[in-house]
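Coordinates in review
The primary structure of each chain is shown beneath.
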Amino acid sequence: MSHRKFERPRHGSLGFLPRKRARRVRGRIRHFPKDDPTQKPHLTAFMGYKAGMTHIVRDVDKPGSKVHKKEVVEAVTILETPPMIVVGIVGYIRTPRGYRTLKTIWAEQLPVGFIRSLYKNYALSKKKAYKNYLAKKKQEKGKQQTERDIASLKKYCSIIRVIAITQAHKIPVLRQKKSHNMEIQINGGSTAEKVDFALKLLEQPLPVNTVFQESEMVDVIATTKGHGFEGVIHRWGVTRLPRKTHKGLRKVACIGAWHPARVGFTVPRAGQNGFHHRTEIHKKIFKIGKSAEDDKANAKCDADLTDKTITPM
């Protein structure tokens, strides 16, 4: 068995395998924050759309660092966050095989954007989604059934989540009428308090400042920008071969030994790059602003002398 003279760390992380396209564009929350019954009931997530990027100048307060008490320029991302609307409540019970849904309670009025999201082609559809459910809910029997469902949620469920939708039509650049839907877990308080908190939110607009505050550290879940099928140089960051290499130099020279007679999963290969589902942790919210229609100085900070909006044009 051969040996090497010098150590060389591998190129690219194996922690993100397989590097394949995400199943959906929207990020998926796999784990919500741990519940603390001593706190008041509160929501734990929100959905927004990336508008662009800019940079900020801030003072660093980090004793021991070389940039302590100095100004640094950092890149920041701007998110467009129209108020979400709560359209339903869902409760989960604990079973030996994990959690399962017990009951789902829907609002009496469901927005058109949510109904559109249930159809592949809304224009050619019969537009009858939830029509019978909403008609029965307005009757006396339907109201009694809703009260029984609420009592079941309070008695049996251990996890309460709300079903919230975005107002995608408020962002003209998206050119989309269908809403994006997600479940948001309610943490804090007892189960009965969570259900009462969720009932108050039904059909109500949910601004982002009711969920997150400035200077708060959050995790961001999204899908990265797609680059299609790419080679090993860009996809894995391996070194190019010498100039006079036969049949190209943007390759991996040796993809493995004769035996085992197969290519190992750790060997860099060409394939899909980008459009991966990723989670970035510990992102700080520097500012939560209002719309430019409501606030003509929505990008003004404490150190700014002039009023300015987030759009520099």
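Read on for a plain summary of the structure. Everything numeric here is computed off the predicted structure, so don't read it as measured data.

The rules behind these values
Residues numbered from 1 in each chain as written. Predicted model: local features only at pLDDT ≥ 70, side-chain atom pairs only at ≥ 80, totals over all residues. Heavy atoms only, no water. Helix = DSSP H or I, 4+ residues; strand = E, 2+ residues; numbered from the N terminus. Buried < 20%, exposed > 50% of the residue type's maximum accessible area, 1.4 Å probe, protein only. Salt bridge = Lys/Arg side-chain N within 4 Å of Asp/Glu carboxyl O. Arc of directions from axis to C-beta. Contact = heavy atoms within 4.5 Å. Pairing = 2+ DSSP bridges. Core = buried A, V, L, I, M, F, W, Y, C linked by side-chain atoms within 4.5 Å.

1. Looking at unusual backbone geometry
For the peptide bond that leads from Leu17 to Pro18, omega is -10 degrees, which places it in the cis range. Among the secondary structure elements, Pro18 is positioned in the segment before strand 1 (42–43). The linkage connecting His259 with the following residue, Pro260, adopts the cis geometry, with an omega of 5 degrees. Position of Pro260 relative to the elements: it lies in the loop between helix 5 (232–236) and strand 11 (271–272). In the Ramachandran plot, Lys247 falls in the positive-phi region, its phi being about 60 degrees despite a non-glycine side chain. Position of Lys247 among the secondary structure elements: in the loop between helix 5 and strand 11. For Lys247, a relative accessible area of 67% puts it in the exposed group. Here Phe275, not a glycine, exhibits a phi torsion of approximately 60 degrees, which is positive.

2. Remarks on the environment of Glu193
Relative to the elements of secondary structure, Glu193 occurs in helix 4 (residues 191–201). Among the residues examined, Glu193 registers a relative accessible area of 42% and is labelled partly exposed. Residues Glu193 and Arg19, spaced 174 residues apart in sequence, show a C-alpha to C-alpha distance of 42 Å.

3. Let's talk about the pattern of salt bridges
Think of it this way: side chains of opposite charge can pair up when their charged atoms draw near. The final tally for this structure, using the stated rule, is 8 salt bridges. A salt bridge links Lys154 to Asp196, with the shortest nitrogen-to-oxygen separation between them at 2.9 Å. On the criterion of sequence distance, the pair formed by Lys154 in helix 3 (residues 140–156) and Asp196 in helix 4 is long-range, its members being 42 residues apart. Residue classification places Lys154 among the partly exposed residues on the basis of a relative accessible area of 32%.

4. Some words on helix 4
For helix 4, every residue scored as buried is listed here: Thr191, Lys194, Val195, Ala198 and Leu201. In an axial view of helix 4, the angular spread of the buried residues amounts to 120 degrees, which keeps them on one side of the axis. Tucked inside the fold, the buried residues of helix 4 contact strand 1, strand 4 (84–95), helix 3, strand 6 (159–165), strand 7 (181–187) and strand 8 (205–206). Where helix 4 terminates, the next one or two residues include Glu203, which has phi positive at roughly 65 degrees.

5. Concerning the pairing of strand 4
Counting buried residues in strand 4 gives 10 out of 12 residues, a clear majority hidden from the surface. Of the strand pairs in this sheet, strand 4 and strand 6 are connected by 7 bridges, and their pairing is antiparallel. Paired with Tyr92 across the strands is Ile159, a residue of strand 6. Bridge count between strand 4 and strand 5 (residues 98–106): 8 bridges; the pairing is antiparallel.

6. Some remarks on the nonpolar core
In this structure, Leu43, Met84, Leu110 and Ile184 are the most contacted members of the largest nonpolar core, which totals 44 residues. Every element with two or more residues in this core is listed here: strand 4, strand 5, helix 1 (112–117), helix 3, strand 6, strand 7 and helix 4. The element that contributes the greatest number of residues to this core is strand 4, accounting for 8 residues. For Leu43, the residues in contact, after removing those within four places along its chain, are Val162, Ile184, Gln185, Ile186, Phe197, Leu201, Leu206 and Val211.

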